[in-house]
2 protein chains.
Amino acid sequence: MELVKHLEEISLFSGLTSADYDELAMIATDQEFRRGQTIFNQGDEGVGFYVILNGRVKIYKVSPDGKEQILHLPGPGETFAEVAVFTGSRYPAHAEAADKSRILFFPKSSFIGLIRNNPSLALNMLAALSQRLKRFSNMIEALSLKEVPGRLAAHLLYLSGRRQDAIEVELDMAKVQLASLLGTIPETLSRILAKMSKQDLIRLNGPVVRILDRQGLTDLASGETRLS
Amino acid sequence: MELVKHLEEISLFSGLTSADYDELAMIATDQEFRRGQTIFNQGDEGVGFYVILNGRVKIYKVSPDGKEQILHLPGPGETFAEVAVFTGSRYPAHAEAADKSRILFFPKSSFIGLIRNNPSLALNMLAALSQRLKRFSNMIEALSLKEVPGRLAAHLLYLSGRRQDAIEVELDMAKVQLASLLGTIPETLSRILAKMSKQDLIRLNGPVVRILDRQGLTDLASGETRLS
DNA sequence: CGCTGCGTTGAGCTTCTTCAACGATCGTGG
DNA sequence: CCACGATCGTTGAAGAAGCTCAACGCAGCG
């Protein structure tokens, strides 16, 4: 079965036996979404969770006046909506394909059965949720304790990984989306990128950011410095 | 063993056999903290997780200039620092006893062993983490998409539960802490409470809030209304 | 009794959003 | 193939929300 090949590359499913893979393949359904298509809406009945084979998905909240806050933007190999599996309730956010995407769907009840008989799978899932929780904590911290320049700096550093020598970073999404992920609006993001350029922290070239002053960014991200 | 009695009341441990309780009691250590005492700091090695028997614990982040953002304020029967168990890394936030507290500590490795042999425990833990994740999503939404009056209104409604007739709510923490939980500062909170009083949404009496206009609060919380 | 932490209020200021306008790019349908 | 609309990105000017700083009353507790 072709699906099994894909499943083996998903880190959530690492360490499983081939019998497990067969079972997973049995309960999964393979779905295609075009860019912009809604996968589910906040408040919909949480019937299962998803694993992305390719493409990207935007998980987001919306305010009554239409402003969006992106919570998460998973890509190939990543999962979303796991929460629905374990809280027996409704999806707490919206999900929409950010690109043309191929996605596997796992219905809640069959998946719970699998977990019950499969400690590795349970532990993998616990690790995934914990990881997500940690990222959300950092997001809360950023929104509450850092100003936009700090959040942006942190994001740039995150993208560049830990490597001291990484000079160029490619923004992996449109700036509108980046703004939404950082909890701000495109105008503000644009102004701050411009200001960072002017102060020779970065050099901006379309979606490519060249990092000129890593230390400066680090100081901004930790809140020690201000972007006058 | 006295501990077992306590363990049976923890919802994370519901549905376990008495043999399981004995095992849990074996690996747990019983600790006392006085009000204000640090339990661990962000960045400390994540050696295990905690269950509160009585008291309360403040889980929080700090900005370089000392401002705090409370992530979570668990009380009796609740757990914290589970994330450390499954991500094999450091604590992502600070923990401090908000009251004199009695707390059980479970070392990481023994607990993982328990989970591996105990699907119910794994599922309970998954449910707990999912619940937390949902709350964090709401927090992110609130910080990014709602203004302080909206967050406060949402919190008041949350405290009053779903009951339409609940008139009085007791703020279950000092206002400084409530401010930190809502991602603002005491001054702002104070002003907004005053404004809500002036507009007859609530009546304020020390730590007791009488809800006068539930609909008004609901509108604020959903962002439909503004607190002019 | 004094001290410390809490809560409130005022004044000024910073940051960010809102509103508006405009250029550029890109995909699509005529 | 070109033209059009839509989305994206940028910039300016004005306004709002919330923060900082400062002062002060008040209560609890050693």
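A brief structural summary. (Residues numbered from 1 in each chain as written. Chains lettered and ligands numbered in written order. Predicted model: local features only at pLDDT ≥ 70, side-chain atom pairs only at ≥ 80, totals over all residues. Heavy atoms only, no water.)

## Comments concerning the sheet that holds strand β4 (residues 57-62) of chain B
Residue and element names in this part refer to chain B.
- Sheet architecture is open: 4 strands sit in the order β2-β7-β4-β5, paired in antiparallel fashion. Strands with a single pairing partner mark the edges of an open sheet, and in this sheet they are β2 (38-40) and β5 (68-72). Taking the axes of each pair of neighbouring strands and ignoring which way they run, one obtains an average angle of 40° across the sheet.
- Relative to β5, β4 is paired through 4 bridges, and the arrangement is antiparallel. Paired with Tyr60 across the strands is Ile70, a residue of β5. (Pairing = 2+ DSSP bridges. Helix = DSSP H or I, 4+ residues; strand = E, 2+ residues; numbered from the N terminus. Axes fitted to C-alpha atoms, helices over the stretch in contact; angles between N-to-C directions.)

## What to know about the pairing of strand β3 (residues 48-54) of chain B
Residue and element names in this part refer to chain B.
- Most of β3 sits out of view: 6 of its 7 residues are buried.
- Bridging between β3 and strand β8 (residues 101-107) involves 6 bridges; their strand directions are antiparallel. Directly across from Gly48, in β8, lies its bridge partner Pro107.
- Where β3 and strand β6 (residues 79-80) come together, 2 bridges link them in antiparallel fashion. (Buried < 20%, exposed > 50% of the residue type's maximum accessible area, 1.4 Å probe, protein only.)

## Focus on unusual backbone geometry
- One non-glycine residue with positive phi stands out, namely A:Ala81, at about 70°.
- Within the secondary structure, A:Ala81 is located in the loop between β6 (79-80) and α3 (82-87).

## Thoughts on the sheet that holds strand β1 (residues 29-33) of chain A
- Ordered by their spatial adjacency, 4 strands build an open sheet running β1-β8-β3-β6 (chain A), and the pairing between neighbours is antiparallel. Of all strands in the sheet, those with a lone pairing partner are β1 and β6 of chain A, marking the two edges.

## A closer look at the protein's contact with DNA strand C
- Taken together, 17 residues form the shell around DNA strand C, and within it A:Val148, A:Thr184, A:Ile185, A:Thr188 and B:Arg191 come nearest.
- Each atom of DNA strand C within 4 Å of the protein was classed as base or backbone; sugar and phosphate made up 62%.
- Here a sugar or linking oxygen of DNA strand C and a side-chain polar atom of B:Ser190 are 3.1 Å apart.
- In the environment of DNA strand C, a base nitrogen lies 2.8 Å from a nitrogen or oxygen atom belonging to the side chain of B:Arg191.
- Looking at the surface near DNA strand C residue by residue, the class counts come to 5 nonpolar, 4 polar and 8 charged. (Near = heavy atom within 4 Å. Polar contact = N/O pair within 3.5 Å; in protein donor to acceptor, adjacent residues only side chain to side chain. Nonpolar A, V, L, I, M, F, W, Y, C, P; charged D, E, K, R; others polar.)

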